[in-house]
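# A closer look at the structure
Below, each chain spelled out in residue letters.
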Amino acid sequence: MVRAATTAPVVTIAALAATKRIDPGRIPHHPPQSTAARLAAPSPTRARVRGVDVHLKTCATCGLIRPPRAAHCRVENRCIERFDHRCGVIGASIGRRNLPSYLLLLAASAVCSTLTSASLFSHLVSLDAARARSSLFLRLRCVVTRNPLECVLLPRCSLAPPVIGVLLSYQA
């Protein structure tokens, strides 16, 4: 339990840093060409993906021919391969290249929140065990007045793992 409690935050921070720093799969802009050269060059409008003909779309903003599942990120003003979403919490676009580290970040956050809530709960229960003979109201009042921060953190940490689990199951 101690090893997991110290490893989970480290893994969470490392996954956060990796997700933020790894290129999400930005499609590079081509060097500017003259209009005549652009019109003369053939542009593919169809591609074969796993034996199926797919129509390639042109990005209205970039003017690039996008591969399948690529989309334009308005914040980065670039097209991104297999664009999933723009995560406002970490301030990064999630795409083909950084999706594995993002999923690790979600899983590590869920484990970290679960361990935190378990630790807080066991601490509050151990404090309450010493006053087992008094009434329930007096015990709760004593725990809340002596540990207000823990009483606020416990519901927050207990609600985080299910929410993160739903988000993780949606992403996978």
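As the structure is a prediction and not an experimental result, all values here were calculated from the model. (Residues numbered from 1 in each chain as written. Predicted model: local features only at pLDDT ≥ 70, side-chain atom pairs only at ≥ 80, totals over all residues. Heavy atoms only, no water.)

### Quick look at the overall build of the protein
A count of helices and strands for the protein gives five helices and six strands. Secondary structure elements in the protein, listed N-terminal to C-terminal, are α-α-β-β-β-β-β-β-α-α-α. A buried classification covers 27% of the 172 residues belonging to the protein. Accessible surface computed for the protein: about 11700 Å², of which carbon and sulfur atoms make up 64%. (Helix = DSSP H or I, 4+ residues; strand = E, 2+ residues; numbered from the N terminus. Buried < 20%, exposed > 50% of the residue type's maximum accessible area, 1.4 Å probe, protein only. Areas by Shrake-Rupley, 256 points an atom, 1.4 Å probe, with all protein chains shown as cover.)

### What about the side chain of N98?
With respect to the helices, strands and loops of the structure, N98 is situated in the loop between β6 (92-94) and α3 (99-129). Residues contacting N98, with those up to four places away along its chain left out, are T19, I22, D23, P24 and S93. (Contact = heavy atoms within 4.5 Å.)

### Things to note about the pattern of salt bridges
A complete count under the given rule lists six salt bridges for this structure. A salt bridge links E76 to R26; its shortest N-O distance comes to 2.7 Å. Placement of E76 in the loop between β3 (71-73) and β4 (78-80) and of R26 in the loop between α1 (2-21) and α2 (35-40) is noted, with a sequence separation of 50 residues between them. R26 sits in the partly exposed class, given a relative accessible area of 30%. With a closest N to O distance of 3.4 Å, R96 and E81 form a salt bridge. Note that R96 is positioned in the loop between β6 and α3 and E81 in the loop between β4 and β5 (85-87), a separation of 15 residues in sequence. (Salt bridge = Lys/Arg side-chain N within 4 Å of Asp/Glu carboxyl O.)

### Concerning the nonpolar core
Of all hydrophobic cores here, the largest spans 11 residues; its members are A15, C87, I90, A92, I94, Y102, L105, L106, A110, A160 and I164. Elements supplying a minimum of two residues to this core: β6, α3 and α5 (148-171). Element by element, the count of residues in this core is highest for α3, at four residues. Non-local contacts of C87, meaning those with residues more than four positions away in its chain, are made with A92, I94 and Y102. Within the second largest apolar cluster, five residues are counted, among which are C59, L64, A70 and C79. (Core = buried A, V, L, I, M, F, W, Y, C linked by side-chain atoms within 4.5 Å.)

### A look at the environment of L103
Mapping L103 onto the fold places it in helix α3. A C-alpha to C-alpha distance of 8.7 Å links L103 and A15, two positions 88 residues apart in sequence. When near neighbours in sequence (up to four residues on either side) are disregarded, L103 contacts L168 and Q171.

### Remarks on unusual backbone geometry
A positive phi is found at R69, a non-glycine position, where the angle reads about 70°. With respect to the helices, strands and loops of the structure, R69 is situated in the loop between β2 (52-55) and β3. Using a relative accessible area of 58% as the deciding quantity, one classes R69 as exposed. Positive phi outside glycine occurs at R82, with the angle close to 45°. When you line up the elements, R82 lands in the loop between β4 and β5.

### Some remarks on the state of the cysteines
On inspection of all chains with the given rule, the structure shows zero disulfides. The thiol sulfur of C73 is not disulfide-bonded, and the nearest other cysteine sulfur, from C79, lies at 9.7 Å. C79 forms no disulfide, and the closest cysteine sulfur to it belongs to C59, at a distance of 3.4 Å. On the basis of relative accessibility, which here comes to 1%, the residue C79 falls in the buried class. (Disulfide = S-S within 2.5 Å.)

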